[in-house]
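Spelled out, the chains give:
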Amino acid sequence: MKEQLEKIRQAAAHALDAVETGEALEAVRVRFLGKKGELTAVLRGMGALTPEERPVIGQLANEARTYIEGKIEEKKAAVAAKKREAKLANEVIDVTVPGRRKPVGRLHPLHQVLNEITDIFTGMGFSVAEGPDIETDYYNFEALNIPSDHPARDTQDTFYINDNIILRTQTSPVQIRVMEHTKPPIRMIAPGRVFRSDAVDATHSPVFHQIEGLVIDKGITMADLKGTLEAVVKGLYGPDAKIRLRPHHFPFTEPSAEVDVSCFACGGKGCGMCKGEGWIEILGAGMVHPKVLKVGGIDPEVYSGFAFGLGLERIAMFKYGIDDLRLFFENDLRFLRQF
Ligand code: PHE
């Protein structure tokens, strides 16, 4: 029995030497120390020993058990350390590998031009106002002195939601909304979407953008309008840009003008961009009609003002030399990435 115990001890030591994993280790433990294990089997056989032999063999068996248990603990620690090492080796991060760049978006070209124009106006003390895209007939037409038989009301131009509610065809209704709740002096711009029932082509879209402007104070004249627009155009197109006012008619301004800017491509000589004109129309403007001031709750005997409405797409097209309006709305990344 003594020899048997010694053999088991050696066999266990040998088996443990080969162990590499936690599972293999557990198998060895079961093989030697488990209920049906080899050492357990020997201990069971102790009943057949004489009373003198029993304590001697018992002690040897206990020693063998302690020895094997100790070995197993040692091995367990070694296996765990090895596992940890392998895991760490796997997790090594090479901090010198170049990072992957995340694609960064950018502002739409219309938004860039809008920001530029907004900066110019806020720099001159203007605030920025907003009005609803869905308007009432009153704000879009009636309050702006557009009588019910005016051609601008033609269903050709206007999207009607019902008899009274429409998609605004211009940003001018914001003039009325601002006058209603602001005491002069007023200096504001109101950028936004406008809608007209036009077929899509290179220069027309049923949705486009305008920037409305309104200045009201005591003693405002046409000279203030011209000076303001001149400053804006120079800010946008450079110090050599000039403007020209042509007589026009809008129901809500009197007198009214259309405003041209000298062609930035040829400087006024005439080229393909300006169709040989040397000038490009960019906005409508005029002195706010006394009737409109009254509707807005402002006394035309005390105050006067000017207003203008500029087309954002047109300005962006001439600024960047874009010849087709549709490009702004198609969202082709090859186009958008150029700005
Ligand atoms: N609302 C006019 C248009 O859409 C432009 C305009 C605005 C003209 C303000 C005069 C004053 O054509």
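The rules behind the values
Residues numbered from 1 in each chain as written. Predicted model: local features only at pLDDT ≥ 70, side-chain atom pairs only at ≥ 80, totals over all residues. Heavy atoms only, no water. Helix = DSSP H or I, 4+ residues; strand = E, 2+ residues; numbered from the N terminus. Buried < 20%, exposed > 50% of the residue type's maximum accessible area, 1.4 Å probe, protein only. Contact = heavy atoms within 4.5 Å. Areas by Shrake-Rupley, 256 points an atom, 1.4 Å probe, with all protein chains shown as cover. Lys, Arg positive; Asp, Glu negative; His and termini not counted. Charge placed at Lys NZ, Arg CZ, Asp CG, Glu CD. Near = heavy atom within 4 Å. Polar contact = N/O pair within 3.5 Å; in protein donor to acceptor, adjacent residues only side chain to side chain. Nonpolar A, V, L, I, M, F, W, Y, C, P; charged D, E, K, R; others polar. Pairing = 2+ DSSP bridges. Axes fitted to C-alpha atoms, helices over the stretch in contact; angles between N-to-C directions. Core = buried A, V, L, I, M, F, W, Y, C linked by side-chain atoms within 4.5 Å. Parallel < 35°, antiparallel > 145°, perpendicular 65-115°, else oblique. 1 Å grid on protein atoms, 1.4 Å probe; cavity = no way out; pocket = protein on both sides within 12 Å on 5 of 7 lines; lining within 4 Å. Points joined across faces, edges and corners; volume = space filled by probe spheres on them. Domains from an automatic or database assignment. Phe/Tyr/Trp six-rings, centres within 6.5 Å; stacked < 30°, edge-to-face > 60°. Expected span 1.5 Å × (residues − 1). Arc of directions from axis to C-beta.

### Considerations on the overall build of the chain
A count of helical and extended segments in the chain gives 12 helices and nine strands. Across its three principal directions, the C-alpha atoms of the chain cover 130 × 45 × 40 Å. Here the chain holds 339 residues, and the buried ones make up 40% of them. The long-range fraction of contacts in the chain, counting pairs at least 24 apart against all pairs at least 6 apart in sequence, stands at 65%. In the structure as shown, the chain presents an accessible area of about 19,500 Å², 53% of it carried by carbon and sulfur atoms. Counting 43 positive and 47 negative side-chain charges, the chain places the centres of these two groups 9 Å from one another.

### Description of the site of the ligand
Close contacts around the ligand come from 14 residues, with Gln 170, Ser 172, Arg 196, Gln 210 and Gly 309 the closest. Gln 170 has a polar side-chain atom sitting 2.7 Å from a nitrogen atom of the ligand. Interatomic distance of 2.9 Å between a side-chain N/O atom of Ser 172 and a nitrogen atom of the ligand. Expressed as a share of its isolated accessible area of 320 Å², the protein-covered part of the ligand is 90%. Top element by residues in the shell around the ligand is strand 9 (residues 304-311). It accounts for three residues. Partitioned by chemical class, the residues of the shell around the ligand number five nonpolar, seven polar and two charged.

### Things to note about the sheet that holds strand 8 (residues 279-288)
The sheet built from seven strands is open, its strands ordered 1-4-5-9-8-7-6 with mixed pairing. Edge positions in the open sheet fall to strand 1 (127-128) and strand 6 (243-250), since each of these has one partner strand only. Pairing between strand 1 and strand 4 (residues 186-195): two bridges, direction parallel. Across the sheet, the residue bridging to Val 128 is Ile 189, located in strand 4. Along the sheet face, helix 7 (residues 173-181) touches strand 4, strand 5 (207-217), strand 8 and strand 9 and points at about 140° away from the line of strand 4. Each of strand 5, strand 8 and strand 9 touches helix 10 (residues 312-320); the most contacted strand, strand 9, lies at about 60° to it.

### What to know about the pairing of strand 5
Successive residues of a regular strand alternate their side chains across the two faces of the sheet. A large share of strand 5 lies buried, amounting to nine of its 11 residues. In this sheet, strand 5 lies alongside strand 4 in antiparallel orientation, the contact comprising 10 bridges. Bridge pairing in strand 5 links Ala 190 to Glu 212. Bridging between strand 5 and strand 9 involves eight bridges; their strand directions are antiparallel. The residue bridging Ile 216 from the neighbouring strand is Gly 305, located in strand 9.

### Focus: the nonpolar core
Buried together is how nonpolar side chains tend to be arranged in soluble globular proteins. Core analysis: the biggest nonpolar cluster contains 43 residues, and Ile 117, Leu 229, Tyr 237, Leu 283, Phe 308, Ile 315 and Phe 328 have the highest contact counts within it. Among the elements of the structure, helix 5 (109-123), strand 5, helix 8 (222-237), strand 7 (253-262), strand 8, strand 9, helix 10 and helix 12 (333-336) are those that each provide at least two residues to this core. With residues up to four places along the chain from it excluded, the contact list for Ile 117 reads Ile 211, Leu 236, Leu 310, Leu 312 and Ile 315. Of all hydrophobic cores here, the second largest spans 23 residues; its members include Ala 129, Leu 144, Phe 252 and Val 292.

### Notes on the packing of helix 1 (residues 2-18) against helix 2 (residues 22-33)
It is at 10 Å that the axes of helix 1 and helix 2 come closest, and there the two elements cross at 170°. In terms of axis orientation, helix 1 runs roughly antiparallel to helix 2. Counted together, Ile 8, Ala 11, Ala 12, Ala 15 and Leu 16 of helix 1 and Leu 25, Val 28, Arg 31 and Phe 32 of helix 2 form the full contact between these two elements. Residue classes in the contact of helix 1 with helix 2 are distributed as eight nonpolar, no polar and one charged.

### Let's talk about the layout of surface pockets
Estimates place the volume of the second largest pocket at around 350 Å³. Around the second largest pocket, the lining comprises 18 residues; the ones closest to its centre are His 111, Leu 114, Gly 192, Arg 193 and His 209. Those elements that place two or more of their residues in the lining of the second largest pocket are helix 5, strand 4, strand 5 and helix 11 (327-330).

### Some details on the domain arrangement of the chain
Segmentation of the chain into domains returns domain 1 (2-90) and domain 2 (109-336). Each of domain 1 and domain 2 has a C-alpha centre, and the two are 93 Å apart.

### Re the packing of aromatic side chains
On inspection of all chains with the given rule, the structure shows nine aromatic pairs. The interplanar angle of 75° and the centroid separation of 5.1 Å between the aromatic rings of Tyr 138 and Tyr 139 together place this pair among those described as edge-to-face. Accessibility expressed as a relative area gives 14% for Tyr 139, which makes it buried. Judged by centre distance (5.9 Å) and plane angle (20°), the rings of Tyr 237 and Phe 264 are stacked. Of this pair, Tyr 237 sits in helix 8 while Phe 264 sits in the loop between strand 7 and strand 8, placing them 27 residues apart in sequence. Given a relative accessible area of 17%, Tyr 237 falls into the buried group.

### Some details on helix 1
Taking 1.5 Å per residue, 17 residues should reach 24 Å; helix 1 reaches 25 Å between its end C-alpha atoms and fits that length. Within helix 1 the residues assigned to the buried category are Leu 5, Ile 8, Ala 12, Ala 13, Ala 15 and Leu 16. Buried residues in helix 1, looked at end-on, bunch into an arc of 165°, giving them a common side. Residues of helix 1 that are exposed and angled more than 90 degrees away from the buried face: Glu 3, Lys 7, Gln 10, His 14, Asp 17 and Ala 18. For helix 1, the elements touching its buried residues are helix 2, helix 3 (38-44) and helix 4 (53-90).

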